[in-house]
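# Structural features, examined
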4 protein chains.
Amino acid sequence: MKLDKFRDECGVFGAFGHPEAARMVFLGLYALQHRGQESGGIVHMNGGRLKSVRGMGHIVDIYREHELTAMGGPNAIGHVRYSTAGESHIGNAQPILIDSHRGQIALAHNGNLVNALQLRRDLERDGAIFQSSSDSEVILHLIARSRAESIEDAITEALMQVKGAFSLIFLTPDKMYAVRDPHGFRPLSIGQLGHTVLVASETCALDIVDAQWLRDVAPGEMVIISNAGEQSLMPFPETKTTQCIFEHVYFSRPDSYVFGRSVSLSRNILGRELAREHPVDADMVIPIPDSGVFAAIGFAQESGIPFEFGLIRNHYVGRTFIEPKQSIRNFGVRVKLNPVRDVLEGKRVVVVDDSIVRGTTSRKIVRMLRMAGAKEVHFRVSCPPTIGSCYYGIDTPYRHDLIASSHSIEEIRKYLDADSLGYLNIDGLMKAVGNEPKFCTACYTLNYPVEFPQEQLAQLRLFAEEPALEPAGHRLVETPQLVRRE
Amino acid sequence: MKLDKFRDECGVFGAFGHPEAARMVFLGLYALQHRGQESGGIVHMNGGRLKSVRGMGHIVDIYREHELTAMGGPNAIGHVRYSTAGESHIGNAQPILIDSHRGQIALAHNGNLVNALQLRRDLERDGAIFQSSSDSEVILHLIARSRAESIEDAITEALMQVKGAFSLIFLTPDKMYAVRDPHGFRPLSIGQLGHTVLVASETCALDIVDAQWLRDVAPGEMVIISNAGEQSLMPFPETKTTQCIFEHVYFSRPDSYVFGRSVSLSRNILGRELAREHPVDADMVIPIPDSGVFAAIGFAQESGIPFEFGLIRNHYVGRTFIEPKQSIRNFGVRVKLNPVRDVLEGKRVVVVDDSIVRGTTSRKIVRMLRMAGAKEVHFRVSCPPTIGSCYYGIDTPYRHDLIASSHSIEEIRKYLDADSLGYLNIDGLMKAVGNEPKFCTACYTLNYPVEFPQEQLAQLRLFAEEPALEPAGHRLVETPQLVRRE
Amino acid sequence: MKLDKFRDECGVFGAFGHPEAARMVFLGLYALQHRGQESGGIVHMNGGRLKSVRGMGHIVDIYREHELTAMGGPNAIGHVRYSTAGESHIGNAQPILIDSHRGQIALAHNGNLVNALQLRRDLERDGAIFQSSSDSEVILHLIARSRAESIEDAITEALMQVKGAFSLIFLTPDKMYAVRDPHGFRPLSIGQLGHTVLVASETCALDIVDAQWLRDVAPGEMVIISNAGEQSLMPFPETKTTQCIFEHVYFSRPDSYVFGRSVSLSRNILGRELAREHPVDADMVIPIPDSGVFAAIGFAQESGIPFEFGLIRNHYVGRTFIEPKQSIRNFGVRVKLNPVRDVLEGKRVVVVDDSIVRGTTSRKIVRMLRMAGAKEVHFRVSCPPTIGSCYYGIDTPYRHDLIASSHSIEEIRKYLDADSLGYLNIDGLMKAVGNEPKFCTACYTLNYPVEFPQEQLAQLRLFAEEPALEPAGHRLVETPQLVRRE
Amino acid sequence: MKLDKFRDECGVFGAFGHPEAARMVFLGLYALQHRGQESGGIVHMNGGRLKSVRGMGHIVDIYREHELTAMGGPNAIGHVRYSTAGESHIGNAQPILIDSHRGQIALAHNGNLVNALQLRRDLERDGAIFQSSSDSEVILHLIARSRAESIEDAITEALMQVKGAFSLIFLTPDKMYAVRDPHGFRPLSIGQLGHTVLVASETCALDIVDAQWLRDVAPGEMVIISNAGEQSLMPFPETKTTQCIFEHVYFSRPDSYVFGRSVSLSRNILGRELAREHPVDADMVIPIPDSGVFAAIGFAQESGIPFEFGLIRNHYVGRTFIEPKQSIRNFGVRVKLNPVRDVLEGKRVVVVDDSIVRGTTSRKIVRMLRMAGAKEVHFRVSCPPTIGSCYYGIDTPYRHDLIASSHSIEEIRKYLDADSLGYLNIDGLMKAVGNEPKFCTACYTLNYPVEFPQEQLAQLRLFAEEPALEPAGHRLVETPQLVRRE
């Protein structure tokens, strides 16, 4: 049972200069598992060569203790990808490891390139061959083709050509490079543990190895880590910073600092603002766990309505997809969430969630709460209505599948069968993240900071391993998710 | 990384009269996974014979979709066991399925028999052979040896001989039996979905299949389920009800009704009482997730101190045991729990946990909270000091390993390095569960409702597959956990 | 693709007094793999207790290198079982390891008990519970119930009650026992390597560990191996020796000495006698590999007709059962055997096989040889027509499925579409094994040396995990294979 | 235990125009398993796109029944690679599937390119990236970079640049291409089954799907298979045919026709010639199974000395590498081969093998035969002394490891401790394959038909995943095996 959520697409982690670098990467990826459950991989130094071990599933199921020990150090990078069905996608798992005239290069990429198709076409026309449907492979081709003398310059030259979102870690036999696109769409932090340098999508992955968070890689920055120390370059033309606001709303772990700001703090304010904007007379505030917890606490604190846990989440996941059959009546969302009847019975309940995508799960939750005795159900969403697909590294449905893209709030309320429905407005959202105008809010505003070549999206499917399944009349301009499968 | 907790030992589930009985059992066990993660098993009807499919690990990893479909119905029972290392214990997985002169009988057992060793000795002396180190196997031998005419009488006769805790589901080719020991130590509930009868350790397992909770199997009751309907017997002499209070404190899911009472309600009151008994001037109340959440909410509500989430739990688990090596500094508890620095920094924190066993984890948590910036850490435990091992179905350490068995509260506080430490007293505990004197509180009071033959405990090890590892001078009278490995 | 052959049911191996006893057992079982491919198991000493590791499939796939190293020594026994589909039979895998009032006992059994059902019934009536459908479990119950003082006497007492075929290895924490039934149906040999004593179904398993074959366990002998040395008992009443002649015809490896006689020698003489009895004017003699090779060589040597390899066998086996689908034309036996066209083209071919069971595979082979160009195909079988099922440890079809039980040789020849067909007669067979009257030939003569209780066979199915599939009108007197699944 | 043999490196198979094409490829690869046991792969059409499923190990262990059914048809190609330890080489498994400006192309390659390193360097210098250490990847880069209009011309253009051995099958979404290098080093045959066209390394793989062998792809020929029928091109300049003679001596299955000639026939003549050249007075001729069987039969037929089986081979293989430990005495070759004592005892034995590589295994075999009682051991080798490494697709040791490259025959005889030693001379070898001068005999004559750029071999290691292990002073001119890993 997958809940109806946007899904992040990747987490990256690198460790440089530690005798157990591979194990550190393993732990870091374990802490970043929420960013991708489909596949995982680690590239590590071994006998003078980089080696790659990738697999499908959760990071704890891919590696065995003795393998990690054998993988050793001193340098390693890793990657987790989002979860889908199908086991045959190992070819898309990262890090990608290649040989080139510059030697071995491994790449772990979080983000999405909007001009990957055009670049891929150009590269193919120039004789390049592609072995995955990943946009990240484009970057390696561009680096290999660069005539620049140093690998730094080659990476820069390559990245000057790509548009979109990229937080990258490269590993070569002697150096590690951490790069963020000039817009800074996706997060990337640097940490330290003794002489070991670490790079991670979120600071929670630094915590797990007891490393200290030093700072973030800045938008447009390239940090070069070698035995000689660290070096920082700013090779890209300056541009407006547009960091993904949804990292604060939903994706990142609340114990992380993302874009230099505490996620838990942002979520608390999201909840508080929501309470101010959409007050309601109720007996309790409950979150949809786990992502709604911090906003619900904020809502409760601001409104003075008691915070309660009214829904319990079952965290056990495995390789079997548990599905109801006809003869077992529709229990849908119950496999993952169960209401706490005693808490809810006879009560007027405010339920706080971080987003509504298609609305199907939300509707089941409202129904389940009512069946458990809730007298009133007031639905509160800690962000504005989601009306646009993401092109910068988030797995989102087609725009026409986003309920808010074509329905009024009152229509959605009716669909959910909620007593009231309130979305946070954009001002509240901006307040929550510090009121600085450095965020991408395209999924709420359709204000896309980086253009994407619309006429070509129709052909993205050609590179995907899975046939596209959208309905015939669908407007392909809004369906770029296939190329985003890194 | 195992947190330092008592562990429940089993969950049981049965479905009678459904074309997808095996799938229902699978779902029920999935909801009961918190009661045991070591192994799982389902016995189901197939072609006129009962068949058993058992495996190590989580229930979602043992079965594949097409197997569940093939297993079908109409009757099935299942079992989950607690988690240990070691893969070779499949022989101890349940349900146990045997052939006897009464035909096939399958048994799923939650609980522990205190006289299993004596009975096993007697049975062995009489020629019985044992194929596991489980005390549950004793019950099946007694049933097979009974001269009683009906299987009901045989079960009764057998259970009259055993002492201790047992919530049992038996399955024969045509009937299902649900039985609870006269003391009612462990829970067992009955549910209904159309014509299907369900039996489950907790009501949350009824919820997941959309079944309705009808009532509990009463202490000392045997419910016989067949195509002819249900029948209730009370075959045992009446005795004092002594239900396990720790089910409400820690084991059961908060969305369950256990012993007829809402677990979430009990925990809320535990927290409220704790706040009354051990008030403190602080900035926030935080739970140790997940088990401490409901008591922490109660504490916050009663005290008026804001509730916050100050620790994040990583729920991903897998077959690899993630262990720090020397060169990665001791991050211990961090693999599972990470503090939310922004929430904690500069704050006076009340941290609510459900119990302190050895104290080692609690000490690490206090240290971690301080390192994350907490100015004061006030530790509150939502039950009295745990001073006695359990002999009735809970995996507990030797008594001498329970920190509270040999240390004063002030000594424990010092060991934890907490600013203050408060345990709920026994009166508060009783209030939380409804102030009825029908609970076993032996782990807090050493008031054991069923005697256990002390002189024999030393030989329990003979039946365990693993060599005992306790120190030489250890008093074996208090170390009965080996035979409790069902 | 299973060829249409009788199948042996087990191989057993034991090693006493070696620091790598478990690894030796692994190697011994690897050499005995032809005796059973369904499952394998090893029971070994570990930390003062016997432990069991069993699995489905080939012995090389069950154990990993580091596990064998960890299993160590000094004593271990093992077992391989025959191959069926279905993965759920792990419960029937051996060795069986039990606890009893005599302590731990492990048993590995090759053979079949004809009165297992009656004994099982009696034991069940007396309160015994059975956890497998194996007849071997009966033996352990009888031992446990014996009042004899010593375990030797208990084993003897138990084995006095069973009828049929048993070559057994028992392991207790301090001793190993090797026993053969008084008739000596199945083989069992003793070997030595330094101070290590080994017991094996065939001498080829002694060769693989560089051990020396000392002698066979005699029919009716019990050899007791302990740190104090070996001891031999003859506890059973003397009876006629009736060793399984089919071990020499087909089952055993040709490099083994079985019943003290070289299998390769027996097969060579089988072929020579066959050539004398059924001479033919032909261009070449070819075997059906691998089992027909030695008899074909003998046939060629005696007849002077050149020996050739006209059929190639593909030895790769795996977990996938390769089956033709409708649209790929019926290639049946070709997956395993392929004709060598150049050898066969235009030639008159004598093809030598060790047996014809149902005749279906033989018919396909004749057809395949003709399609490959053979001008004439003369089928020679190195034993008499198989007319009876085996009740002593061989997996055979129902009697009515044996083509020779109901068809004349001329009818069989026609069915096979062979130019001629010749079976060895019983005198030739006896010559091949040394002309001593100490063999069981029941499958050729219906002369069963141990009676089996016919009226009870109908109920054998009750103990089998798989529902019986024979047609309704089938005469159950001849279908005892279910209880023979050890 | 690996026997000391040259190893073939690949088998390829393609099926075009069959609803179960993937299953046919599976069966074909099963028949070609002897050509490579390390990994296997199938690329098949699925929903308009080519998809790849590859794995480590034997073909029967990689695919499950239901997967093959799902993979369907109508077109598919497959590949098996040779066996090494290590599980991480999945990246080198074939077929390689790429996207390019020409669309999807899959490639299965048997052979070795001697100028792969130079081409790879050039390609890398031109910006290509490599994702494996396989020389085959070079071909796909060259095709993708070709400016030729048609894919046929692009393939031709690419293959004009490579030197060495290649038998190739390409699959595109609508066509299949079978190509053999102008020298015709490695075999490639075409078969037919109804309207389905098949391409296979050996004809035995056509037999298993009941297809008819039509003819071989000629040296230098490209066969284009499409729904419109087959088309043949001869795009390469004519050159001398130099087919690998070792396919007849050892690699191919005896039931195959290779280079249009029966392998079994060649081997029979090899044995006959060997008997003529090196007659001996002996009691029996025995083969080293399985590869020596046909030559031994020929030897026996020519010499009149009886043919016997004196060594039994254990065919069970699995994932565990069975290794002796110190305390189990050196049984080396015994895990795979066991002598038949009864056959050998007191006899003068001619043992026929197909080659001696390092001599270590041969020496152990001679010793084993003597220990089993052989009075004299006369070693006969059915080809000339192997003095040169292969550069055209065979895995051979460094030249200095070939015992015959630096030792006289008498020295080798002494090393083996044989009573006599005879190698076939080159004339006898040529007679056996039909006396036509169209074979490569470089490993016997150092007469290499295609030059290889010596000065670059030293750098081959840069592309291998495993660090090279040769001794420091080794002459690298003779150690090209790394690039030969396709």
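### Examining the overall build of chain A
Within chain A, the secondary structure is distributed over 15 helices and 25 strands. Considering chain A as a whole, with its 486 residues, one finds that 63% of them fall into the buried category.

### Notes on the confidence of the model for chain A
All names here are of chain A. When the pLDDT values of chain A are averaged, the result is 88; 87% of them are 70 or greater. Every residue in residues 84–88 scores below 50 in pLDDT, and together they form five contacts with partners more than four places removed in sequence or on other chains. Below a pLDDT of 50 lies the segment residues 455–486, which in the model reaches 62 contacts outside its immediate sequence neighbourhood of four places, other chains included. Under the prediction, the complex receives an ipTM of 0.90, its pTM being 0.90.

### Topic: the nonpolar core
Val25 of chain A, Val25 of chain B, Val25 of chain C together with Val25 of chain D are the most contacted members of the largest nonpolar core, which totals 640 residues. When residues no more than four places from it in sequence are discounted, the contact partners of valine 25 of chain C are Phe13, Ala15, Ile42, Ala76, Ile77 and Gly78 of chain C.

### Section: the interface of chain A and chain B
Between chain A and chain B, the contact holds 55 residues from the first and 55 residues from the second. Listed by contribution, the elements that provide at least two residues to the side of chain A that touches chain B are α1 (21–31), α2 (59–62), α7 (204–207), α9 (263–277), α10 (293–303), β20 (337–339) and α11 (341–344) of chain A. In terms of residue count, the dominant contributor to the side of chain A that touches chain B is α1 of chain A (five residues). Considered class by class, the residues forming the side of chain A that touches chain B number 29 nonpolar, eleven polar and 15 charged.

### Here we look at the domain arrangement of chain A
What the domain assignment lists for chain A is domain 1 (7–241) and domain 2 (262–439). Using C-alpha coordinates to define each centre, domain 1 of chain A is positioned 33 Å away from domain 2 of chain A.

### Describing helix α5 (residues 136–145) of chain C
With ten of ten residues buried, α5 of chain C is to be regarded as a mostly interior element. Listing the buried residues of α5 of chain C in full gives Ser136, Glu137, Val138, Ile139, Leu140, His141, Leu142, Ile143, Ala144 and Arg145 of chain C.

### Topic: the relation of the copies chain A and chain B
Rotating chain A by 180° and moving it 0.1 Å along the rotation axis overlays it on chain B with an RMSD of 0.1 Å. Here the symmetry operator amounts to a two-fold rotation axis. When C-alpha positions in chain A are compared against the rotation axis, the closest is assigned to histidine 315 of chain A, at 3.1 Å. Taken as a fraction of all interface residues of chain A, those also at the interface in chain B reach 100%, which identifies the copy contact as same-surface.

### Examining the environment of valine 197 of chain B
Note that valine 197 of chain B resides in strand β11 (residues 196–200). Judged by C-beta crowding, with 24 C-beta atoms within 10 Å, valine 197 of chain B ranks as buried.

### Some points on the interface of chain C and chain B
In this assembly, 24 residues from chain C lie in contact with 24 residues from chain B. Within the residue set of the side of chain C that touches chain B, elements represented by two or more residues are β4 (49–56), β6 (96–100), α4 (116–125) and α5 of chain C. At four residues, the largest contribution of residues to the side of chain C that touches chain B is made by α5 of chain C. The class makeup of the residues in the side of chain C that touches chain B is nine nonpolar, eight polar and seven charged.

### Description of the sheet that holds strand β18 (residues 284–287) of chain B
Residue and element names in this part refer to chain B. Reading across the sheet, the four strands line up as β18-β21-β22-β24 and stay open at both edges, with parallel pairing between neighbours. Two strands in the sheet have a free side with no partner beyond their single neighbour: β18 and β24 (420–423). In this sheet, adjacent strand axes meet at a mean angle of 20° when their direction is disregarded. For strand β22 (residues 376–381) and β24, the ladder comprises four bridges, and the chain directions are parallel. In the sheet register, histidine 378 faces β24, and the bridge partner there is serine 420. Strands β22 and β24 of the sheet are contacted by helix α14 (residues 409–416), whose axis makes an angle of about 130° with β24.

### Considerations on unusual backbone geometry
Of note, the bond from glycine 73 of chain C into proline 74 of chain C is cis; its omega dihedral lies within 30 degrees of zero at 10°. Residue glutamine 94 of chain C is joined to proline 95 of chain C through a cis peptide bond whose omega torsion reads -5°. The residue proline 95 of chain C is located in the loop between β5 (75–81) and β6 in this model. Backbone geometry at asparagine 435 of chain B places phi at a positive 60°, although glycine is not the residue there. Mapped onto the elements, asparagine 435 of chain B comes out in the loop between α15 (426–432) and β25 (439–440). Take asparagine 435 of chain B: there are 8 C-beta atoms within 10 Å of it, and that puts it in the exposed class. For phenylalanine 259 of chain D, which is not a glycine, the phi torsion comes out positive at approximately 55°. Tracing the sequence through the fold places phenylalanine 259 of chain D in the loop between β16 (257–258) and β17 (261–262).

Rules used in this analysis
- Residues numbered from 1 in each chain as written.
- Chains lettered and ligands numbered in written order.
- Predicted model: local features only at pLDDT ≥ 70, side-chain atom pairs only at ≥ 80, totals over all residues.
- Helix = DSSP H or I, 4+ residues; strand = E, 2+ residues; numbered from the N terminus.
- Buried ≥ 20, exposed ≤ 12 C-beta atoms within 10 Å, placed from the backbone.
- pLDDT = per-residue confidence, 0-100.
- Contact = placed C-beta atoms within 7 Å.
- Core = buried A, V, L, I, M, F, W, Y, C linked by C-beta atoms within 7 Å.
- Nonpolar A, V, L, I, M, F, W, Y, C, P; charged D, E, K, R; others polar.
- Domains from an automatic or database assignment.
- Least-squares fit on C-alpha atoms with pLDDT ≥ 70 in both.
- Pairing = 2+ DSSP bridges.
- Axes fitted to C-alpha atoms, helices over the stretch in contact; angles between N-to-C directions.

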